[in-house]
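Each chain is listed here by its residues.
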Amino acid sequence: MNHILRLTFMESKLFFREKQAVFWTFLFPILLIWLFGAMFGDQKIGQMSYSNAYIPSWIAINMLTTALFTIGTVLTEYREQGILRRYQATPIRPGKVLTAHIIYGTLIFLLSALLIVLFGSLAYNLDFPKYLGSTLIAIALSIFAIFPFGIFATSLAKNSRTSAAISSVILNLMLFLSGATFPLEMMPEFLQGVAKILPLYYVVDLLRQTWNFAPITDQLTNVWILLGIGVVSTILATRFFNWGSRG
Amino acid sequence: MSYAIEVENLHKVYKNKHAVQGVSFSVEKGEIFGIVGPNGAGKTTTIEILEGLRKKDNGKISILGLDPEKKPYELRQKIGIQFQSTSIQERMKVKEAIHLFSSFYEKKGDIPAILEKLGLDSFMDTQFTNLSGGWKQRLTLALAIIHDPEIIFLDEPSTGLDPGARRDMWSLIRNLQQEGKTIVVTTHYMEEAEQLCDRVAMFKEGQIVALDTPKHLVNQFLMANYLTFISDDADLELLRNITGANDVSHSNETIKIQTHNLQDTSLELFQLAKEKGWKIDNFRFEVGSLDDLFVQMAGKEQSP
């Protein structure tokens, strides 16, 4: 446990030394919320106020960017630079390194979510989640689904450039088609179907529902699908992850 | 003498390549053991199997009495590994790397002494990315010896270093030997093997083609010995007829005679020079180096 904590602490420290990463993770979402707010700020989105609909959305999006960039692409970089291999030469178990990255990702994500909520309450009268327990469980469940998904998707990349490209494609696809930003009702039926094969759709839906309308026990379809995504991604991520052996 | 490493009939087969074909050797405790050979000769594969990073297909290995495949984590408490091209997180500071990595081991070495010896103590707050190549290499060496390991594996320890830094690295490695460590070095630089290693194993196409002290290897396998001198008026045609001379070549003003009999050849050379009134300067014997042997072995078998 001591090792995991040390690694987690180290990675978090390194994260804050990368000024760009800090900007994209913490400030960029807030800029976008403000931008979208200027467009839709006084509209109702499916019986929700702007902030009640979009703050859960941005929490979901930030979860995905954390999985793809903060955890996934960084691990690909570490593989490419032989950093993972350096760990392999020590007695530390590989699982501990991965666990540390997941915990560190979770911390960064939670911090960014907190900032988003704070901004929402100050600038857009965000309501507190109606079912707080359900929302928290929904967030935990979504992390379980999205983090391994991100690690798996990026572990298919041979180098960090490919990894960043894969991540961008996935992020953009989900950003625009999962209902996280543009309301699905505005889209043709075909695209609404596409939305339902994107993991983020279920995260967004579950978070919005528990935040505004109903406890998680009324959302079992979403719960089962996210559990399924989590299990399958974990298996795939474990299967395809490698420590970067050269020559 | 007890052995730190014993390898018997090691085999490794990749999809389309028999990378290691029945390699056997032992490394004594306290020895600096070199592994040389061209790329693709099976050096890295062999080392990685010894380190427990790769599985073997056949053979028997004992590292400090442990089977690296069965007890990789126990083994890694006792060995230190420096890879050729690994790094650590760019923005990690030297002191952070030292603390993080030493926390992975049960045994702690004398860290202040290691830092002082490697000269890292004045860079403690520097981030990895801001260190020069030589200092990066020193840091990764520090990370490999931070737990006072019994065996240290070094993969191309001086690649990319300038001549000064390379010499520093060698003396650091010799210091480690004096502390009683066993050291296994792979290298491309024959000079490195010659300067550093007690014994050298030459790998070629997955096999060991020669294993001995650097001096013996050269004496045994490298028939080519040279004498060189500078002369403006020597006649190359006459030189070719001297006893023992295999080849006479001429570059710039230096004349080089390859011979299998240094004594007779030089005697006749001086007699001839006196007879013809040639002036001979800078005369010297040149013994072939491991470099020559490497080229000879790596290339097609050529008759001396």
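This text goes with the structure placed above it.
The structure contained in this document is the topic of the report that follows. Not measured: the values here are computed from a predicted model. (Residues numbered from 1 in each chain as written. Chains lettered and ligands numbered in written order. Predicted model: local features only at pLDDT ≥ 70, side-chain atom pairs only at ≥ 80, totals over all residues. Heavy atoms only, no water.)

1. With respect to the packing of aromatic side chains
The geometry of an aromatic ring pair is captured by two quantities: the separation of the ring centres and the angle between the planes.
Residues and elements named next belong to chain A.
Part 1 of the reasoning: With the rule as written, the count across this model stands at 23 aromatic pairs over all chains.
Part 2 of the reasoning: Between Phe-15 and Phe-26, the aromatic rings sit 6.0 Å apart at their centres with planes inclined by 85 degrees, giving edge-to-face as the arrangement. Taken as a pair, Phe-15 in helix 1 (residues 2-17) and Phe-26 in helix 2 (residues 19-40) lie far apart in primary sequence, eleven residues in all. Side by side, Phe-15 and Phe-26 carry an identical accessibility label, which is buried.
Part 3 of the reasoning: For the pair Phe-23 and Trp-24, a centre-to-centre distance of 5.7 Å together with 80 degrees between the ring planes defines the contact as edge-to-face. (Phe/Tyr/Trp six-rings, centres within 6.5 Å; stacked < 30°, edge-to-face > 60°. Helix = DSSP H or I, 4+ residues; strand = E, 2+ residues; numbered from the N terminus. Buried < 20%, exposed > 50% of the residue type's maximum accessible area, 1.4 Å probe, protein only.)

2. What to know about the sheet that holds strand 1 (residues 3-14) of chain B
Residues and elements named next belong to chain B.
Part 1 of the reasoning: Taken in spatial order, the three strands of this open sheet run 2-1-4, and their pairing is antiparallel. Only two strands of the sheet have a single partner each, and these edge strands are strand 2 (17-28) and strand 4 (58-63). Geometrically, the sheet is characterised by an average inter-axis angle of 15 degrees between neighbouring strands, direction not taken into account.
Part 2 of the reasoning: With five bridges connecting them, strand 1 and strand 4 associate as antiparallel partners. (Pairing = 2+ DSSP bridges. Axes fitted to C-alpha atoms, helices over the stretch in contact; angles between N-to-C directions.)

3. Quick word on the environment of Gln-43 of chain A
Residue and element names in this part refer to chain A.
Part 1 of the reasoning: By secondary structure assignment, the location of Gln-43 is in the loop between helix 2 and strand 1 (44-45).
Part 2 of the reasoning: Put simply, Gln-43 and Leu-111 are 68 residues apart on the chain and 28 Å apart in space, counted from C-alpha to C-alpha.
Part 3 of the reasoning: Apart from the residues within four sequence positions on either side, Gln-43 is in contact with Met-48, Ser-49 and Tyr-50. (Contact = heavy atoms within 4.5 Å.)

4. Describing the sheet that holds strand 6 (residues 151-155) of chain B
All names here are of chain B.
Part 1 of the reasoning: Judged by pairing direction, the sheet is mixed, and its six strands sit side by side in the order 5-6-7-3-8-9 without closing on themselves. Where the open sheet ends on each side, the last strands, each with one partner, are strand 5 (79-82) and strand 9 (207-212). When strand polarity is set aside, the average angle formed by the axes of neighbouring strands in this sheet is 15 degrees.
Part 2 of the reasoning: As judged from the five bridges shared by strand 8 (residues 199-204) and strand 9, these two strands associate in the antiparallel manner.

5. Quick look at the side chain of Ser-178 of chain A
Residues and elements named next belong to chain A.
Part 1 of the reasoning: Within the secondary structure layout, Ser-178 lies in the loop between helix 7 (160-177) and helix 8 (189-195).
Part 2 of the reasoning: A distance of 2.5 Å separates the side chain of Ser-178 from the backbone oxygen of Met-174, its partner in a polar contact.
Part 3 of the reasoning: Polar side-chain contacts of Ser-178 include one of 3.3 Å to the backbone nitrogen of Ala-180.
Part 4 of the reasoning: Not counting residues within four places of it along the chain, the set of residues in contact with Ser-178 comprises Leu-173, Leu-184, Ala-195, Leu-198, Leu-200, Tyr-201 and Val-204. (Polar contact = N/O pair within 3.5 Å; in protein donor to acceptor, adjacent residues only side chain to side chain.)

6. Some points on the interface of chain B and chain A
Part 1 of the reasoning: Facing 29 residues of chain B, the contacting portion of chain A comprises 26 residues.
Part 2 of the reasoning: Together, the buried faces of chain B and chain A total about 2,600 Å²; carbon and sulfur atoms form 56% of this surface.
Part 3 of the reasoning: The largest per-residue losses of area from chain B upon contact with chain A belong to Tyr-73, Gln-89 and Phe-104 of chain B, which jointly make up 26% of the total buried on that side.
Part 4 of the reasoning: Scanning the region where chain B abuts chain A turns up four salt bridges.
Part 5 of the reasoning: The salt bridge partner of Glu-48 of chain B is Arg-85 of chain A, with a shortest N-O separation of 2.4 Å.
Part 6 of the reasoning: Remark: the boundary between chain B and chain A carries eleven residue pairs in polar contact (both at pLDDT 80 or more). (Buried area = accessible area lost by both parts, 1.4 Å probe. Salt bridge = Lys/Arg side-chain N within 4 Å of Asp/Glu carboxyl O.)

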